[in-house]
Amino acid sequence: MRSEVHGTSHVELVALEKSRLWHPFTQMRDWCAPEHEPLFIEEGQAEMLRSSDGRWFIDGNSSIWTNIHGHNHKRINDAIVKQLERVAHSSFLGCTHAAAARLAGRLCDLWPGGKLTRVFFSDDGSTAIECAVKMAAQYWQQTPGQEQRTEFAAFEFAYHGDTTGASSLGGIGRFHDKFGMIHFPIRRLTGVEEIEAIPPQDASRLAAIVIEPLVQGAAGIRLWPEGTLARLRSWCDRTGVLLIADEVMTGFGRTGKMFACEHEGVVPDFVALAKGLTGGYLPLAATLTTERIFQAFLGSVEESKTFFYGHSYTANQLGCAAALASLDVFEEEKTLEKLKPKIVILREILAEAQKKSPWLGECRQCGLIAGVDVVRNKTSGEKFPPSALAGVRTCLAARERGLLTRPIGDTIVLMPPLCIREERLKQAVDAIFYAADKVAQEISAEYSATSN
Ligand SMILES: *Cc1c(COP(=O)(O)O)cnc(C)c1O
C-alpha cells in the first residue's frame with residue numbers, strides 16, 4: 001500500500017521523521033509518540049492534496065495561508081521550469097535580473113496613486129517586516145529634526161512573524177512571551193480609539209505603527225471594526241508616524257480584493273508581502289515603500305545613508321518567475337471576479353452550519369478567510385477547557401472527512417486556495433460541522449465521566 005520515496009520504505013521514513021525532525025509550532029513529544037501516524041503529502045492538484053496512503057484532502061488552510069491558485073498549476077509550473085532552465089539563483093548584491101525588475105514594476109502598479117514606488121525583496125513574511133522596521137528606524141535618523149522618533153507601536157494579539165524583530169511586534173502570549181527578554185520594547189495598543197488619544201509628545205517619538213489590515217489572522221481570525229484602518233491612516237497623516245501594513249496573510253486576493261488596504265482606500269508607507277506572493281510556490285517576500293522614504297537613503301558613501309540589510313536569496317529568480325506567473329493567472333483566470341460568489345456562498349454555508357450545530361459558536365469571515373469557534377455552549381459562548389484540545393481534535397476529525405486545516409486554539413480556520421470549487425467549499429464546511437459534533441460529544445462524555 002505505502003509508496004516508496006527515493007528507495008526509502010514508509011517505515012524507514014517514519015523512523016527518520018520522528019528521530020531527526022523538529023516541526024514548527026508543534027509539541028514534539030506528541031508528534032513522536034508511537035501512536036502518531038504523520039501524514040506525508042505527496043502530490044497536489046488545484047485545491048486538493050494527496051497523502052502517501054492515497055487519500056485526497058481539501059487544502060483547507062492553503063498550506064498555512066500561502067497557496068492562491070491551487071497546487072500544480074500549469075501556468076506557474078511552466079514559468080518556474082522556464083526560469084530554472086536558465087538560472088535558479090544569482091545574487092542580487094551587485095547584480096540584477098529581468099524577473100525582479102518586471103515584478104517590482106507590477107507590484108507597484110497594483111497600488112493606487114503611484115504612491116508606492118520602491119520594492120525591496122527578501123525571503124518570507126518575517127523578513128519583509130524586519131525590513132520595514134529597519135527602514136523606518138533608519139529613515140528617521142536621516143531626517144533632520146526627527147531623530148527622536150525611535151519607538152514602535154503594535155497591537156495586542158498582533159502577529160508579524162517569528163524572527164526576533166518581527167516577534168517583538170507580536171502580541172500573542174503563547175507565541176511571544178517566552179522571548180520577552182530578547183525583544184525590543186513596543187508601545188502596545190488595543191485599538192484606534194487609544195491611538196487617537198496618544199498625547200502629541202508621545203506620538204512625536206513614534207517611528208512607525210504596524211497593523212494587519214482588516215483581520216488579525218494568527219489571533220484567531222479577529223476582525224477589526226470597519227474604518228479602523230482608514231482612521232489609523234489619517235492619524236498617521238496628522239502625527240507623521242509611518243504606517244506599516246502587514247499584508248503577508250491578507251495580500252493577493254484573500255479578502256476579496258487584491259489587498260486588504262483597498263477596502264478602506266488606504267495606501268500605507270510600507271507594505272509587507274510574502275505568503276501568497278508566489279502563488280504559494282516558493283519563499284519570496286517584498287517590502288514596498290514610497291519615494292519619500294527611498295530618497296532619505298540617498299547620498300555619498302561617506303554620509304553612510306546606505307540601507308545595510310539583505311539576505312542571500314534576495315529576489316531569487318525562481319521565486320520572481322513564480323510571482324509574475326501568479327499575477328498573470330489573476331488576469332487570465334479572472335480570479336478576483338470569480339471569487340465574489342464564493343465569498344457569499346461561504347458566508348451562507350457557514351451560517352447554516354453554525355445555526356444547525358450546537359457546538360459551533362461565533363463565525364468570523366473576511367473574504368475567503370474564515371474562523372469558526374468550537375464551543376461548549378453556543379448561547380453563552382463558553383469554551384471547552386483548553387486541556388480538552390477541542391480545536392486540535394476537531395481538525396483531526398475533519399481530516400477523516402477529507403479536510404486538512406489547523407486550529408488556532410479552538411478556532412477552526414478555513415482559508416482555502418482562491419481557486420476552490422463551490423462543492424468543495426460545501427464539503428469543507430460539512431467536514432467541520434461533523435467533526436465538531438463528534439469531538440464535542442466525545443469531550444462532553446469524558447467530562448461527565450470524570451465529574452461522576
Ligand atoms: C505568516 C505571517 C507572517 C510571517 O510570515 P512568515 O513567512 O511565516 O515569516 C507575518 N505576518 C502575518 C500577518 C502573517 O500571517
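Just so it is clear, the model here is predicted, and its values are computed rather than measured.

### A few points about the site of the ligand
Logical step 1: Around the ligand, the neighbouring residues are Trp 65, Asp 124, Gly 125, Ser 126, Tyr 159, His 160, Gly 161, Glu 212, Asp 246, Val 248, Met 249 and Lys 275.
Logical step 2: Taking Gly 125, its main chain carries an N or O atom lying 2.8 Å from an oxygen atom of the ligand.
Logical step 3: Taking Ser 126, its side chain carries an N or O atom lying 2.6 Å from an oxygen atom of the ligand.
Logical step 4: Taken by itself the ligand offers 380 Å² of open surface, and the protein chains cover 84% of this.
Logical step 5: Taken together, the residues that form the shell around the ligand break down as 4 nonpolar, 4 polar and 4 charged.

### Description of the packing of aromatic side chains
Logical step 1: On inspection of all chains with the given rule, the structure shows 13 aromatic pairs.
Logical step 2: Judged by centre distance (5.1 Å) and plane angle (90°), the ring pair of Phe 433 and Tyr 434 falls under edge-to-face.
Logical step 3: By relative accessible area, Tyr 434 is classed as partly exposed at 38%.
Logical step 4: The rings of Phe 120, Phe 297, Phe 307 and Tyr 309 are connected pair by pair, giving a single aromatic cluster.
Logical step 5: The side chain of Arg 118 reaches across the aromatic face of Phe 294, ending 3.6 Å from its centre.

### A closer look at the packing of helix H4 (residues 74–84) against helix H13 (residues 317–332)
Logical step 1: Viewed as axis vectors pointing N to C, H4 and H13 meet at an angle of 150°, and their least axial separation amounts to 8 Å. The angle between H4 and H13 falls in the class roughly antiparallel. Viewed along their axes, H4 and H13 form a crossing whose handedness is right-handed. Contacts between H4 and H13 involve Arg 75, Ile 76, Ala 79, Ile 80, Gln 83 and Leu 84 on the former and, on the latter, Gln 317, Leu 318, Ala 321, Ala 322, Ala 325, Ser 326, Asp 328, Val 329 and Glu 332.
Logical step 2: For the contact of H4 with H13, the class distribution of residues is 9 nonpolar, 3 polar and 3 charged.

### Topic: the side chain of His 71
Logical step 1: Positionally, His 71 belongs in the loop between helix H3 (62–65) and H4.
Logical step 2: Since its relative accessible area comes to 15%, His 71 is described here as buried.

### Considerations on the sheet that holds strand E3 (residues 56–59)
Logical step 1: The strand order across the open sheet built from 4 strands is E1-E2-E3-E15, with neighbouring strands paired in mixed fashion. Either end of the sheet is taken by a strand with one partner, and the two such strands are strand E1 (41–45) and strand E15 (403–404).
Logical step 2: In this structure, E1 lies alongside strand E2 (residues 48–51), joined through 4 bridges in antiparallel fashion. Counterpart to Gln 45 in the pairing with E2 is Met 48.

### What to know about the domain arrangement of the chain
Buried accessible area, meaning the area lost when the parts come together, often serves as the stated size of an interface.
Logical step 1: Taken domain by domain, the chain consists of domain 1 (39–69 + 336–451) and domain 2 (75–332).
Logical step 2: The C-alpha centroid of domain 2 is placed 29 Å from the C-alpha centroid of domain 1.
Logical step 3: Contacts between domain 1 and domain 2 engage 26 residues on the former and 25 residues on the latter.
Logical step 4: A combined buried area of about 2,000 Å² lies between domain 1 and domain 2, and 68% of that area is made up of carbon and sulfur atoms.
Logical step 5: Among the residues of domain 1 in contact with domain 2, Trp 65, His 69 and Leu 336 are the three that bury the most area, contributing 31% of the side total.
Logical step 6: Taken together, the connections running from domain 1 to domain 2 amount to 0 salt bridges.
Logical step 7: Connecting domain 1 to domain 2 are 10 residue pairs in polar contact (both at pLDDT 80 or more).

### Regarding the state of the cysteines
Logical step 1: Enumeration over the complete set of coordinates arrives at 0 disulfides.
Logical step 2: The thiol of Cys 131 is not disulfide-bonded; the next cysteine sulfur, from Cys 108, is found 13 Å away.
Logical step 3: The exposure class of Cys 131 is buried, given its relative accessible area of 0%.
Logical step 4: Considering cysteine sulfurs only, Cys 108 is the nearest to Cys 320, which forms no disulfide, with 13 Å between them.

Cut-offs used in this document
Residues numbered from 1 in each chain as written. Predicted model: local features only at pLDDT ≥ 70, side-chain atom pairs only at ≥ 80, totals over all residues. Heavy atoms only, no water. Near = heavy atom within 4 Å. Polar contact = N/O pair within 3.5 Å; in protein donor to acceptor, adjacent residues only side chain to side chain. Areas by Shrake-Rupley, 256 points an atom, 1.4 Å probe, with all protein chains shown as cover. Nonpolar A, V, L, I, M, F, W, Y, C, P; charged D, E, K, R; others polar. Phe/Tyr/Trp six-rings, centres within 6.5 Å; stacked < 30°, edge-to-face > 60°. Buried < 20%, exposed > 50% of the residue type's maximum accessible area, 1.4 Å probe, protein only. Lys NZ or Arg CZ within 6 Å of the ring centre and 35° of its normal. Axes fitted to C-alpha atoms, helices over the stretch in contact; angles between N-to-C directions. Helix = DSSP H or I, 4+ residues; strand = E, 2+ residues; numbered from the N terminus. Parallel < 35°, antiparallel > 145°, perpendicular 65-115°, else oblique. Left-handed = near helix turned anticlockwise from the far one by under 90°. Contact = heavy atoms within 4.5 Å. Pairing = 2+ DSSP bridges. Domains from an automatic or database assignment. Buried area = accessible area lost by both parts, 1.4 Å probe. Salt bridge = Lys/Arg side-chain N within 4 Å of Asp/Glu carboxyl O. Disulfide = S-S within 2.5 Å.

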